[in-house]
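# Residue-level structural notes
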Amino acid sequence: MSAMTIKTKETNPFKIQKKTKLIQALADLDNEILEKLVELKNSQKAIAMVQSNESWQTIKEFIM
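The text that follows walks through the structure, step by step, so that each part is easy to find.

Cut-offs used in this document
- Residues numbered from 1 in each chain as written.
- Predicted model: local features only at pLDDT ≥ 70, side-chain atom pairs only at ≥ 80, totals over all residues.
- Heavy atoms only, no water.
- Helix = DSSP H or I, 4+ residues; strand = E, 2+ residues; numbered from the N terminus.
- Rg over C-alpha atoms; globule rule 2.2 N^0.38 Å.
- Buried < 20%, exposed > 50% of the residue type's maximum accessible area, 1.4 Å probe, protein only.
- Areas by Shrake-Rupley, 256 points an atom, 1.4 Å probe, with all protein chains shown as cover.
- Lys, Arg positive; Asp, Glu negative; His and termini not counted.
- Charge placed at Lys NZ, Arg CZ, Asp CG, Glu CD.
- Expected span 1.5 Å × (residues − 1).
- Polar contact = N/O pair within 3.5 Å; in protein donor to acceptor, adjacent residues only side chain to side chain.
- Salt bridge = Lys/Arg side-chain N within 4 Å of Asp/Glu carboxyl O.
- Axes fitted to C-alpha atoms, helices over the stretch in contact; angles between N-to-C directions.
- Parallel < 35°, antiparallel > 145°, perpendicular 65-115°, else oblique.
- Contact = heavy atoms within 4.5 Å.
- Nonpolar A, V, L, I, M, F, W, Y, C, P; charged D, E, K, R; others polar.

## A word on the overall build of the protein chain
- Scanning the protein chain for helices and strands turns up 4 helices and 0 strands.
- In the protein chain, the order of α-helices and β-strands from amino to carboxyl end is α-α-α-α.
- Computed over its C-alpha atoms, the radius of gyration of the protein chain comes to 14 Å, more than 25% above the 11 Å expected for a compact globule of 64 residues.
- Its C-alpha atoms give the protein chain principal-axis dimensions of about 35 × 30 × 20 Å.
- Looking at the protein chain as a whole, 2% of its 64 residues qualify as buried.
- Of the roughly 6600 Å² of accessible surface on the protein chain, 58% is carried by carbon and sulfur atoms.
- With 10 positive and 8 negative side-chain charges, the protein chain shows a separation of 10 Å between the mean positions of the two kinds.

## Quick word on helix α1 (residues 13–26)
- In this model α1 runs 20 Å from its N-terminal to its C-terminal C-alpha over 14 residues, within 8% of the 20 Å that 1.5 Å per residue would give.
- By the criterion of burial, α1 is predominantly exposed, with just 0 of the 14 residues buried.
- Sitting at the amino-terminal end of α1 is Asn12, which places a side-chain oxygen 2.8 Å from the backbone nitrogen of Phe14.

## With respect to the pattern of salt bridges
- Summed over the entire model, instances satisfying the criterion amount to 1 salt bridge.
- Between Glu32 and Lys36 there is a salt bridge whose closest N-O contact spans 3.4 Å. Within this pair, Glu32 and its partner Lys36 are both found in helix α2 (residues 31–41), separated by 4 residues, close to a single helical turn.

## Considering the packing of helix α3 (residues 44–51) against helix α4 (residues 53–63)
- Two elements in contact, α3 and α4, have axes whose closest approach is 5 Å; the angle formed by their N-to-C orientations is 95°. Here α4 runs roughly perpendicular to α3, going by the angle between their axes. Contact residues: Met49, Val50 and Gln51 in α3; Asn53, Ser55, Trp56 and Ile59 in α4.
- Looking at side-chain class alone, the contact of α3 with α4 contains 4 nonpolar, 3 polar and no charged residues.

## Overview of the environment of Glu32
- The class for Glu32 is exposed, based on a relative accessible area of 51%.
- Note: C-alpha distance between Glu32 and Ser55 (23 residues apart in sequence) is 25 Å.

Here it is, written out as structure tokens:
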């Protein structure tokens, strides 16, 4: 297993710990999938949909 350093603007140690766990959960995804997630991350429309609880529930129901 390789290690890497990721810089974040977060300073709250509890939020850093949670972010670390979330990033570790994504670490085993293929690069192709990670690239698609980054594409969504760069879309303001996608971010708005994920931030909305109602839209997020719709997305989850559709996907899962």
